[in-house]
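For reference, the chains in residue letters:
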Amino acid sequence: AKQVIFFSLTFTSDAILNKTCQKVSRKCWRVDPNNTAIASDPEEKVYFPEARMARVTGVPIYTLSHHATIQEYTEGYQAALQMELGQGGSVWRSIASALGLLDAKAP
């Protein structure tokens, strides 16, 4: 099976993300399928589409705040890829290179 990593640009409030998700960088969070923010929200009044998608797919979603800078997006992508793939492996290096995340001086 191939590994899937979802990324989302979010308009969900940082307060909900900080309260219910694992923060992986300054403006990036990992939303797990068992996220509690929507557990008691049967009428879907809480705006948190990433939690709903994670629950339906069973796959964590890495979400980046729409208030982030380009540098913070880059940090978020790097942190998420390192968490999922481990740093330094060939898959990580290929993806990071394709996204322009590798420092030009790195071996």
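These numbers come from a predicted model, not from an experiment.

Asker: How should the overall build of the chain be read in this particular structure?
Answerer: Along its length, the chain carries 4 helices and 4 strands. Helices and strands appear in the chain in the N-to-C order β-α-β-β-α-β-α-α. Within the chain, the proportion of its 107 residues that are buried is 35%. Of the contacts made within the chain by residues no fewer than 6 positions apart, 56% connect residues no fewer than 24 positions apart. Within the structure as shown, the chain displays about 6,500 Å² of accessible surface, and the carbon and sulfur contribution to it stands at 55%.

Asker: Quick question: what am I supposed to make of the pairing of strand β3 (residues 28-31) here?
Answerer: Strand residues, when the strand is regular, have side chains that alternate between the two faces of the sheet. Residues Cys28 and Arg30 of β3 are buried on one face, and the alternating residues Trp29 and Val31, pointing to the opposite face, are buried as well. Sheet analysis places strand β2 (residues 22-25) next to β3, joined by 3 bridges and oriented antiparallel. Each residue of the ladder has a partner; that of serine 25, found in β3, is cysteine 28. Connecting the antiparallel pair β2 and β3 is a turn made up of 2 residues. The pairing of β3 with strand β4 (residues 61-65) spans 4 bridges and is antiparallel. Bridging from a neighbouring strand, tryptophan 29 pairs with threonine 63 of β4.

Asker: Explain the pattern of salt bridges here, please?
Answerer: If the charged atoms of two oppositely charged side chains come close together, the side chains can form a pair. Scanning the model with the defined rule gives 4 salt bridges in all. Taking the shortest distance from any N to any O, the salt bridge between aspartate 14 and lysine 27 comes out at 2.7 Å. Pair noted here: aspartate 14 is in helix α1 (residues 14-20) and lysine 27 is in the loop between β2 and β3, with a separation of 13 residues, a long-range link. For lysine 27, a relative accessible area of 18% gives the class buried. A salt bridge links aspartate 32 to arginine 30; the nearest nitrogen and oxygen atoms lie 2.7 Å apart. You can call arginine 30 buried: its relative accessible area is 19%.

Asker: What is the right way to look at the packing of aromatic side chains in this model?
Answerer: Each aromatic ring pair is characterised by the separation of its centres together with the angle its planes make. Here the structure, examined in full by the defined rule, presents 2 aromatic pairs. Pairing phenylalanine 7 with tyrosine 62 gives two aromatic rings, centres 5.9 Å apart and planes at 35°, and the pair type is tilted. One end of the pair, phenylalanine 7, is in strand β1 (residues 6-10); the other, tyrosine 62, is in strand β4, with 55 residues separating them in the sequence. Using a relative accessible area of 29% as the deciding quantity, one classes phenylalanine 7 as partly exposed.

Asker: In this structure, what is going on with the side chain of threonine 10? I would like to understand it.
Answerer: Position of threonine 10 among the secondary structure elements: in strand β1. If we ignore the near neighbours within four places in the chain, the residues touching threonine 10 are Leu17, Glu50, Thr63, Leu64, Ser65 and His66.

Rules of the game
- What you see as residue numbers is a count from 1 along each chain, following the sequence as written.
- Reporting of local features is limited, given that this is a predicted model, to residues whose pLDDT is at least 70; pairs of side-chain atoms are given and counted only at 80 or more, and all residues count toward the totals for whole chains, interfaces and linings.
- No hydrogens and no water enter the side-chain calculation; it runs on all heavy atoms of the structure.
- The helix and strand labels rest on DSSP assignments: H or I over at least four residues marks a helix, E over at least two residues marks a strand, and numbering proceeds from the N terminus.
- Remark: exposure states derive from per-residue accessible area (1.4 Å probe, protein chains only) relative to the maximum for the residue type, with buried under 20%, exposed over 50%, and partly exposed in between.
- We call two residues in contact whenever any of their non-hydrogen atoms come within 4.5 Å of each other.
- Residue burial considers only the protein chains on display, and all accessible areas are found by Shrake-Rupley using a 1.4 Å probe.
- When DSSP finds two or more bridges between a pair of strands, those strands are recorded as paired.
- Salt bridges are defined as contacts in which a side-chain nitrogen from Lys or Arg sits within 4 Å of a carboxyl oxygen from Asp or Glu.
- Aromatic rings from Phe, Tyr and Trp, with only the six-membered ring used for Trp, were paired whenever their centres fell within 6.5 Å, and each pair was classed as stacked if the ring planes differed by under 30 degrees, edge-to-face if by over 60, and tilted otherwise.

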